[in-house]
Amino acid sequence: MRQLLLRPGAEELNYEIRGIVKKARQIESLGFPITWENIGDPIQKSNQVPTWMKEIISDLLKENKTYGYADSKGMPETRAFLANLTNHQGGVKLSADDILFFNGLGDAIAKLYQFLIPTARIIGPSPAYSTHSSAEAAHANTAPITYKLDPDNQWLPDMDDLYMKVKYNPSIVGILIINPDNPTGMVYPKEVLEGFVKIAKEFNLLLIADEIYQNITYNGVKAVALAEVIGDRPAISLKGISKEFPWPGARCGWMEFYNREASKEFSKLCQTLENAKMIEVCSTILPQLAIPKIMSHPEYKAYREKANEAIGKRSDWMAEILGDIPGIKFNPTQGAFYNTIVFEEGVLKSDQSLEIEDGRVKTLVEAWVADEQMPLDKRFVYYLLGSERICVVPISSFCSDLRGFRVTLLEEKEETFRDTFERLGKAIRRYLKSKS
């Protein structure tokens, strides 16, 4: 080309959660069914959207206003409804004007980092959800800055690590919190959230909380919202309906701005995000119209409680199957519907493998793992895909030095769920004992 097309940092954009699908499709094309554990799509895993929810959406489609533009910031009645929900949590107060809709949280995250100057860094957790870490790295033209989540302490954040990185890196202007966490399934206790607020206050930082799984917790655990502990600090909460309703195809998410007048710089950022949405005109109107009707429906609370209880049972089943396998670190999940399993340091080797009966599949996998620079957890993931046709995501793809993989807790059918993870557990044992 006459000139370079990509700016520095663009190559940091990577989404292995869907990238692994390309490999799995090659095996599927040879006639082998794939068990998809790579992505958090409840619909793909036999989740049944209740009839009353479908009827609400169907009725909305009969109304002419459903086919028009929404308000640029989002439907006023929906923003007022959501502001009221947050205000009832007993912490920071906001109005409908403090809420801004996007076409999914991916859109919101991209916009947020797009308008930060490249020297302004947001430190986030590691393992990191790829949409956040990739967008932050691309905006800064360099690798993301992260603080550690500790698999030896139930995946809670290493607050000393966070504090020291913030203290000695003045380019950090904000802290990202994902609560409940993706990819680990950890839920932050209130005192940990208060620790984040304390650090933000000491160093005058913005807090950003991805809370899309806020209402998906189980086995006696409840998530504390950032709004409850934020006090007078400027902050953004990211929320959506993709997983909770569930309606991932709606691509509907929103930002809540907390204490937007507490800082001139933060106020300008909020206004810039609103201006950017006005240039786009608006976000999709149908899911916005549905939110108040679904969340205020008399069956909604019971529906969510039942769904959470089912995920909690599957978390227990997973612990029963995988919890005592030598060579891995296993933590039961508390929220969201993912689990990250980490290999003990030193147990993965470059000569390990799994048996693959079909010669065509074996040829594919051996070609994939021929790269000597490949992280060893990715090598395991490819062999698992070839041998058991189970598609998981390597944790090295979540901006982490740890080696392991992420799975979901979404499969509704107990027999299928148990079969998947029993095969996975046996594959781990065989792989760690193997040598090519």
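Scroll up to find the structure.
Student: Before we move on, can you summarise the nonpolar core with the specific residues and values?
Tutor: Ranked by internal contacts, the top residues of the largest apolar core, which has 73 residues, are M255, L322, F380, F405 and L424. With 60 residues, the next largest nonpolar core counts I99, I145, F245 and C252 among its residues.

Student: If you had to explain the sheet that holds strand β3 (residues 121–126) to someone new, which residues and values would you point to?
Tutor: Taken in spatial order, the eight strands make up an open sheet running β2-β9-β8-β7-β6-β3-β4-β5, and their pairing is mixed. Two strands lie at the open edges of the sheet, namely β2 (99–102) and β5 (156–157), each paired on one side alone. Judged from the five bridges that link them, strand β6 (residues 172–178) and strand β7 (residues 206–210) form a sheet pairing that is parallel. Bridged to L176 within β7 is I208. Along the sheet, helix α5 (residues 130–140) makes contact with β3, β6, β7 and β8 (235–240), crossing β3 at roughly 150 degrees. Each of β3, β4 (146–150), β5 and β6 touches helix α6 (residues 159–167); the most contacted strand, β4, lies at about 175 degrees to it.

Student: Any details on the packing of helix α13 (residues 376–388) against helix α14 (residues 414–433)? Residues and values, ideally.
Tutor: Where α13 meets α14, the closest approach of the two axes is 11 Å, and the angle between their N-to-C directions is 125 degrees. Taken together, α13 and α14 sit at an angle that is classed as oblique. Relative to α14, α13 is oriented so that their crossing is right-handed. For the pair formed by α13 and α14, the contact residues are L376, R379, F380, Y383, L384, S387 and E388 on the first element and R423, L424, A427, I428, R430 and Y431 on the second. A class-by-class count of the residues in the contact of α13 with α14 yields eight nonpolar, one polar and four charged.

Student: Give me the lowdown on the sheet that holds strand β11 (residues 338–343), citing residues and values where you can.
Tutor: Strand pairing within a sheet occurs via backbone hydrogen bonds; the two strands may be parallel or antiparallel. Overall, antiparallel pairing links the four strands, which are arranged β10-β11-β14-β13 in an open sheet. What marks the edges here is a single partner per strand, and that holds for β10 (328–329) and β13 (393–394). Two strands pair when backbone bridges link them, and β11 and strand β14 (residues 404–408) are joined in this way by five bridges, in the antiparallel orientation. Bridging from a neighbouring strand, N339 pairs with V407 of β14.

Student: Give me the environment of D377: which residues, what numbers.
Tutor: Within the element layout of this structure, D377 appears in helix α13. Through-space distance from the C-alpha of D377 to that of I395 is 7.3 Å; in sequence the pair is 18 residues apart. D377 has contacts with L348, P394, I395, S396, L402, R403 and G404, leaving out every residue within four places of it along the chain. There is a polar contact of 3.2 Å between the side chain of D377 and the backbone nitrogen of I395.

Student: Lay out the packing of aromatic side chains in plain terms, naming residues and giving numbers.
Tutor: Counting across every chain of the model gives 20 aromatic pairs. Geometrically, the ring pair formed by F245 and Y300 is edge-to-face, given 5.9 Å between the ring centres and 70 degrees between the ring planes. Placement of the pair is F245 in the loop between β8 and β9 (253–258) and Y300 in helix α11 (residues 300–322), with a sequence separation of 55 residues. Y300 shares its class with F245; the two are buried. With a centroid separation of 5.2 Å and an interplanar angle of 75 degrees, the aromatic rings of F343 and F380 are classed as edge-to-face. Here F343 is found in strand β11, whereas its partner F380 is found in helix α13, with 37 residues between them in sequence. Through a chain of ring-to-ring contacts, three or more aromatic side chains come together here, namely F343, F380, Y383, F405 and Y431.

Student: Just give me the short version of unusual backbone geometry, but keep the residues and values in it.
Tutor: Outside of glycine, negative phi angles account for most residues, and trans bonds account for most peptide bonds. Backbone torsion omega between S126 and P127 reads 5 degrees, so that peptide bond is classified as cis. Among the structural elements, P127 can be located in the loop between β3 and α5. The omega torsion across F245 and P246 is -5 degrees, close enough to zero to call that bond cis. In this fold, P246 is placed in the loop between β8 and β9. Positive phi values are uncommon outside glycine, yet W155 reaches one of about 65 degrees. Relative to the helices and strands, W155 is located in the loop between β4 and β5. Residue W155 is classed as buried on the basis of its relative accessible area, which comes to 1%.

Student: Hey, could you go over the pairing of β6 for me, with residue numbers and the actual values?
Tutor: Most of β6 is tucked away: six of the seven residues are buried. Examined bridge by bridge, β3 and β6 share three bridges and lie parallel to one another. Bridged to I123 within β6 is I175.

Rules and cut-offs
Residues numbered from 1 in each chain as written. Predicted model: local features only at pLDDT ≥ 70, side-chain atom pairs only at ≥ 80, totals over all residues. Heavy atoms only, no water. Core = buried A, V, L, I, M, F, W, Y, C linked by side-chain atoms within 4.5 Å. Buried < 20%, exposed > 50% of the residue type's maximum accessible area, 1.4 Å probe, protein only. Pairing = 2+ DSSP bridges. Helix = DSSP H or I, 4+ residues; strand = E, 2+ residues; numbered from the N terminus. Contact = heavy atoms within 4.5 Å. Axes fitted to C-alpha atoms, helices over the stretch in contact; angles between N-to-C directions. Parallel < 35°, antiparallel > 145°, perpendicular 65-115°, else oblique. Left-handed = near helix turned anticlockwise from the far one by under 90°. Nonpolar A, V, L, I, M, F, W, Y, C, P; charged D, E, K, R; others polar. Polar contact = N/O pair within 3.5 Å; in protein donor to acceptor, adjacent residues only side chain to side chain. Phe/Tyr/Trp six-rings, centres within 6.5 Å; stacked < 30°, edge-to-face > 60°.

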